[in-house]
Amino acid sequence: MAFAVPRGYVDLADLAAARGVPASKYTQGLGVLQMSVADADEDPVTLATEAARRCLQAAGRSPSEIGLCIVGTETAVDHSKPIASYLHGLLGLPSACRVFETKHACFGGTAGLLNAIDWLAAGSARGRCALIVCTDIARYSVGSAGEPTQGAGAVAMLISENPRLVELEPGITGCFSQDVHDFWRPLYRKDALVDGQFSVQCYLDALTGAYAEWQRLSESDEPLVRTCYHVPYGKMARKAHQRRCQLDGMSEEAAEKSFAEQVEPSLRVPSQVGNIYTGSLYLALLSLLYHQATELAGKRIGLFSYGSGCAAEFFAGRVLPTAAAQIAQSAVDSTLANRQRLAIPVYEELRRNDASADQRPSELPSSAKIGAALSQADRSPRFSGIDTQERRIYTVA
Ligand code: HMG
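As the structure is a computational prediction, the values presented were derived from the model and not from experiment.

*Asks:* What should I look at first to understand the site of the ligand in this one?
*Replies:* Around the ligand sit 29 residues, and of these E74, C106, S199, K235 and K239 come closest. Here a nitrogen atom of the ligand sits 3.0 Å away from a polar atom, N or O, in the side chain of S24. In this structure, C106 approaches the ligand through a main-chain N or O atom, which is 3.1 Å from an oxygen atom. Contact with the protein chains removes 75% of the 1100 Å² of surface that the ligand exposes when unbound. Secondary structure elements with two or more residues in the shell around the ligand: α2 (23-30), α6 (196-217), α7 (234-247) and β13 (300-307). Of the residues belonging to the shell around the ligand, the class tally is 14 nonpolar, 11 polar and 4 charged. For the shell around the ligand, the domains that each give at least three residues are domain 1 (2-163 + 330-396) and domain 2 (167-328).

Laid out in structure tokens, this is it:
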């Protein structure tokens, strides 16, 4: 696994000051410390490419070993051409490689992952790996209640018959779906629309249904020592764990203790990145493994994926003894430390420019130069605009 985030981030204490609310509302009330913000030359394609490049490098794999590439996103750049095709070109994947994009709000990456497991189980892999990339830019209107729950980033994962991080339990997933309007992104808008409090309820209802179904299907009584949840913001994962403890018949006090031990380590990286939609659950998994892979070796963990609309799935896996050495390659601290803190007026300018960024044929808005100092040493791909035939152009240093 590896992840990529944009060069810039907003500190939630700065945002709280600008919006006239106490910082504790965001940092404790929502459990978010920082949120990543994409510049005009960073988009879901560049983030996905960078995460995938780092993932292949960390695993010591070559693009020629990939037989399936699925990109989960709800920030598509085109109604037709999938981000997976851009990735195919930018990474140099083989022509004998199935590539496509999956969409179901934040569940899209999990749909890709479960598809990859079926691909392996069907014998289609023939020794090759699947590359699953979750990439999104989470956006709500400036000044709205959702604003402090934004974020941007991508997580890439290699799925193979010989895993090094987590061995998943194929075929045993608790599924829950229903038709709800809790969160939606109309095709003509960049900013999401959301019925915030209702979305929290839908998430918890889906967790209840998916967990019950997973318990019914699970063939093992072995306890889950940790659980990673979809993390739109840390407090949501806390509410989710409380709900699960309640379903397991635990007291409120025991649930709080259980949260600190079983969930908190998975929230450390997400609290510095914000909601990255499809990648949020997998960023939580990366955070958990980064902090605790050694002590978790051989232990069983749970995973809960939620996508608005809605679809949810609860499943489990076992942390492998090779996980600690492998996850140490994912450069978590340096990736976060190398970012630039954006002042609120700079973030707001980025947001104003972003509305028109896609339409600029050759020149990027001046705000794209915000990260210029950082970008000199950075070889990440860049979105450089749209040509005269309205094709998206990417450049790699
Ligand atoms: P809000 O208006 O900030 O809500 O919106 P609030 O006033 O209820 O405050 C939130 C919490 O802060 C509360 O705690 C307050 O008590 C606390 P809670 O009751 O929840 O435990 N609080 C304070 N704490 C400390 N010091 C203070 C203070 N003041 C208040 N001074 C909401 C919150 C999440 C609704 C909003 O941010 C939102 O709409 N976010 C976007 C939607 C969202 O993330 N929904 C989550 C579930 S749906 C999902 O996960 C899917 C999604 O990822 C999309 C997809 O699938 O594609 C979103």
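*Asks:* Help me out: how do you make sense of the sheet that holds strand β15 (residues 340-341) in this one?
*Replies:* Strands belonging to one sheet form pairs held by backbone hydrogen bonds; the direction of such a pair is parallel or antiparallel. Judged by pairing direction, the sheet is mixed, and its 3 strands sit side by side in the order β3-β2-β15 without closing on themselves. For this open sheet the edge positions go to β3 (34-37) and β15, each flanked by a neighbour on one side alone. Sitting on the sheet, helix α1 (residues 12-19) touches β2 (8-11), β3 and β15, and the angle it makes with β2 is about 55°.

*Asks:* Even after reading the chapter, I still don't get the pairing of strand β12 (residues 226-229), so can you show me in this structure?
*Replies:* Look at any regular strand and the pattern is simple: side chains alternate between the two faces of the sheet. Because side chains alternate across β12, one face comprises the buried residues R226 and C228, and the other comprises T227 and Y229, equally buried. Where β12 and β13 come together, 4 bridges link them in parallel fashion. Directly across from C228, in β13, lies its bridge partner L303.

*Asks:* Can you help me understand the pattern of salt bridges in this one?
*Replies:* Between side chains of opposite charge, a pair can form as their charged atoms come close. The tally for this structure, following the rule as stated, stands at 21 salt bridges. Here R7 ties to D41 by a salt bridge, and the two come within 2.9 Å at their closest N and O atoms. Placement of the pair is R7 in the loop between β1 (2-4) and β2 and D41 in the loop between β3 and α3 (44-59), with a sequence separation of 34 residues. The burial state of R7 is the same as that of D41; both residues are buried. With its nearest N and O atoms 2.7 Å apart, the salt bridge here joins E50 to R53. Remark: R53 and E50 occur in helix α3; sequence separation between them is 3 residues, near one turn of the helix. Residue E50 is classed as buried on the basis of its relative accessible area, which comes to 5%. Among the ionic contacts, a cluster of salt bridges with common partners joins R7, D39, D41, E42 and R382.

*Asks:* Help me understand the packing of aromatic side chains in this model?
*Replies:* The geometry of an aromatic ring pair is captured by two quantities: the separation of the ring centres and the angle between the planes. Using the criterion set out here, one finds 11 aromatic pairs in the structure. Arranged with centres 5.5 Å apart and planes meeting at 75°, the rings of F183 and Y277 form a pair that is edge-to-face. Taken together, the positions of F183 in strand β10 (residues 183-184) and Y277 in the loop between α9 (264-267) and α10 (280-296) put the pair 94 residues apart, joining distant regions of the chain. Considered together, F183 and Y277 belong to a single accessibility category, that of buried residues. Ring geometry for Y203 versus F304: centroids 5.4 Å apart, planes at 65°, classification edge-to-face. Pair noted here: Y203 is in helix α6 and F304 is in strand β13, with a separation of 101 residues, a long-range link. Its relative accessible area of 2% is what places Y203 among the buried residues. Ring pairs connect the aromatic residues Y203, Y211, W214, Y229, F304, Y306 and F314, which therefore count as one cluster. Across from the ring centre of Y86, 4.2 Å away, lies the NZ or CZ of K81, which sits over that ring.

*Asks:* So what exactly am I meant to see when it comes to the pairing of β3 here?
*Replies:* Neither face of β3 is exposed, since Q34 and S36 on one face and M35 and V37 on the opposite face are all buried. Two elements, β2 and β3, share 4 bridges in a ladder whose sense is antiparallel. Pairing of G8 across the sheet is with V37, part of β3.

The rules behind these values
- Residues numbered from 1 in each chain as written.
- Predicted model: local features only at pLDDT ≥ 70, side-chain atom pairs only at ≥ 80, totals over all residues.
- Heavy atoms only, no water.
- Near = heavy atom within 4 Å.
- Polar contact = N/O pair within 3.5 Å; in protein donor to acceptor, adjacent residues only side chain to side chain.
- Areas by Shrake-Rupley, 256 points an atom, 1.4 Å probe, with all protein chains shown as cover.
- Helix = DSSP H or I, 4+ residues; strand = E, 2+ residues; numbered from the N terminus.
- Nonpolar A, V, L, I, M, F, W, Y, C, P; charged D, E, K, R; others polar.
- Domains from an automatic or database assignment.
- Pairing = 2+ DSSP bridges.
- Contact = heavy atoms within 4.5 Å.
- Axes fitted to C-alpha atoms, helices over the stretch in contact; angles between N-to-C directions.
- Buried < 20%, exposed > 50% of the residue type's maximum accessible area, 1.4 Å probe, protein only.
- Salt bridge = Lys/Arg side-chain N within 4 Å of Asp/Glu carboxyl O.
- Phe/Tyr/Trp six-rings, centres within 6.5 Å; stacked < 30°, edge-to-face > 60°.
- Lys NZ or Arg CZ within 6 Å of the ring centre and 35° of its normal.

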